[in-house]
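So you can see what is in the structure, the chains are spelled out below.
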Amino acid sequence: MTMLDLMQGVVVHHLRFEVRSREMGALGAQPGSALRGALYGALARQYCPDRQAVHLPGHKSACPVCRLLATEDPSGERGQDVPRPVTVEPPPGDRPLRAGESWCFGLSLIGTEAAATFPFIIRAAEAMGESGVGPGRARFDIVGVDTYNPLDGACESLLEGRVVRRPALPVTAPQVAARAAELPSDRVTLEFLTPLRIGEDKRLAHRPDLGILLRRLIERCQAIATHFGGSPLARDRARWREVTLRLSALAAEAQLTRDETRWLDVVSGSRRTGRTSPIGGLVGLAQWEGNLAEAMSWLLWGQSLHVGKSTVKGNGWYRVVEG
């Protein structure tokens, strides 16, 4: 059973917003959390002011907030919550934003339904700029919006004067397979751009562990493919178990040959509850060597889907480094 069979129909559209700060401000130690909160607030104010309406028949199909950030499946095998079909790619944290300074953040829309919310996302991003983000509620103006594909580096501007075009450079399973075939099969280097918070048996992994990473990644891909893909095979748990066992075996034989990671302690705060929760994890470079041919396509999916805890807040974002 190959990746192509299980991930058939899964698409990811990557968006990158270039913005310019209107005044001094800051995004905090984990900007992804601040950006996710601002996005949720902007969407909710404009399109879903009554959060109890999520339970009404037909509401989810008409509401971009609930399609992106309040998904649930009462019949789900792992409980009601399902993966949110959106991830945040934040700028580096813990730095001040100066008036007039340009900076970027990304949003990735997973699945065709999420991609259909693109017009709402653009209006919500404009509203985020008006209300501000981060502890200082720093306001910004949108300078540009691009769509890009991390597999081949293709990038297109979505702004043409006052017209905003829909993104058309999706990451797909055939593209992932083709790119994986071009990469070395005996080594892989990953750069964890935002905290990677994964674990097993209720214990967090404080050092890079390829086995745990691949097992959490397959769980993530399984959930994504089940709810947002098009393959009936994705609902066959036995097939995913076979993949997990094979990848676990190759990970056990692989060697960690480079470890330039560190643990970054950060917390996420909730304006609604007033509480904070830890979302820290590993950041930096890690390299493994071994028979990694089958793992490559899954690792390439991970750089688009993220992996681990708090992916909707930007955690678990990494890139496959060449060379």
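Residues numbered from 1 in each chain as written. Predicted model: local features only at pLDDT ≥ 70, side-chain atom pairs only at ≥ 80, totals over all residues. Heavy atoms only, no water.

Visitor: Talk me through the overall build of the protein; I want residue IDs and the actual numbers.
Guide: Tallying secondary structure elements over the protein gives 10 helices and 17 strands in all. With 323 residues in all, the protein has 50% of them scored as buried. Sequence separation of at least 24 residues holds for 72% of the intrachain contacts in the protein that already meet a minimum separation of 6. (Helix = DSSP H or I, 4+ residues; strand = E, 2+ residues; numbered from the N terminus. Buried < 20%, exposed > 50% of the residue type's maximum accessible area, 1.4 Å probe, protein only. Contact = heavy atoms within 4.5 Å.)

Visitor: If you had to explain the pairing of strand β6 (residues 140–148) to someone new, which residues and values would you point to?
Guide: Here strand β1 (residues 12–21) runs beside β6; their pairing, made up of eight bridges, is antiparallel. Bridged to R16 within β6 is D146. Where β6 lies against strand β7 (residues 155–157), three bridges are found, and the strand directions are antiparallel. Looking across to β7, one finds that D146 is bridged to S157. Connecting β6 to the antiparallel partner β7 that follows it, the hairpin turn spans six residues, and G153 within it adopts a positive phi of roughly 80°. (Pairing = 2+ DSSP bridges.)

Visitor: Go over the environment of D259 with me, naming the residues and quoting the values.
Guide: Among the secondary structure elements, D259 is positioned in strand β13 (residues 255–264). Given the relative accessible area of 32%, D259 is considered partly exposed. Along the sequence, D259 and R207 sit 52 residues apart, while their C-alpha atoms lie 8.3 Å from each other. Look past the residues within four positions of D259 in its chain and what remains in contact with it is R207, P208 and L285.

Visitor: So, the nonpolar core: which residues are in play, and what are the values?
Guide: Grouped together as the largest cluster of nonpolar side chains are 49 residues, with contacts concentrated most on M7, L213, W298 and W301. A per-element tally of this core places helix α8 (residues 210–228) first, with 10 residues. Sequence-distant contacts of M7, that is, excluding residues within four places in its chain, are made with A173, C221, A225, W240, W298, W301 and L305. Counting residues in each nonpolar core, the second largest holds 35 residues, with F17, A38, L43 and W103 among its members. (Core = buried A, V, L, I, M, F, W, Y, C linked by side-chain atoms within 4.5 Å.)

Visitor: Lay out the sheet that holds strand β16 (residues 281–289) in plain terms, naming residues and giving numbers.
Guide: The strand order across the open sheet built from four strands is β13-β16-β10-β17, with neighbouring strands paired in antiparallel fashion. Edge positions in the sheet fall to β13 and β17 (318–321), since each has one partner strand and no second. Within this sheet the neighbouring strands show an average axis-to-axis angle of 10°, counted without direction. Inspection of the sheet shows strand β10 (residues 187–196) paired to β17 by four bridges, in the antiparallel sense. Among the inter-strand pairings, L190 is bridged to a residue of β17, identified as V320. Most of the contacts of helix α10 (residues 293–305) go to β17, to which it runs at about 135°, and overall it touches β10 and β17. (Axes fitted to C-alpha atoms, helices over the stretch in contact; angles between N-to-C directions.)

Visitor: Give me the lowdown on the packing of α8 against α10, citing residues and values where you can.
Guide: Interaxial distance between α8 and α10 falls to 10 Å at its minimum, and their mutual angle equals 70°. Considered as vectors, α8 and α10 are oriented roughly perpendicular to each other. The handedness of the crossing between α8 and α10 comes out as left-handed. Where α8 abuts α10, its residues L213, L214, L217, I218, R220, C221 and I224 lie against A295, W298, L299, W301, G302 and L305. (Parallel < 35°, antiparallel > 145°, perpendicular 65-115°, else oblique. Left-handed = near helix turned anticlockwise from the far one by under 90°.)

Visitor: Residues and numbers for the pattern of salt bridges, please.
Guide: Across all of its chains, the model carries 16 salt bridges by this definition. One salt bridge in this structure joins R207 and D259, with 3.4 Å as the shortest N-O distance. With R207 in the loop between β12 (203–204) and α8 and D259 in strand β13, this residue pair connects regions lying 52 residues apart in the sequence. Here E294 ties to R246 by a salt bridge, and the two come within 2.8 Å at their closest N and O atoms. Within this pair, whereas E294 is found in helix α10, its partner R246 is found in helix α9 (residues 237–253), the two being separated by 48 residues in sequence. (Salt bridge = Lys/Arg side-chain N within 4 Å of Asp/Glu carboxyl O.)

Visitor: So what about the sheet that holds β6? Which residues, and what values?
Guide: Taken together, five strands build an open sheet; the order of strands is β3-β5-β1-β6-β7 and the sheet is antiparallel. Each edge of the open sheet carries a strand with a single partner, namely β3 (86–89) and β7. Ignoring which end each strand starts from, the neighbouring axes of this sheet average 30° apart.

Visitor: With reference to specific residues and values, describe the packing of helix α7 (residues 173–182) against α10.
Guide: Helix packing geometry: the angle between the two helix axes and the distance between the axes. Two elements in contact, α7 and α10, have axes whose closest approach is 9 Å; the angle formed by their N-to-C orientations is 125°. One way to sum up the angle between α7 and α10 is to call them oblique. Handedness of the α7/α10 crossing: right-handed. Facing α7, whose interface residues are A173, V176, R179 and A180, α10 presents M296, S297, L300 and W301. Here the residues of the contact of α7 with α10 sort into six nonpolar, one polar and one charged. (Nonpolar A, V, L, I, M, F, W, Y, C, P; charged D, E, K, R; others polar.)

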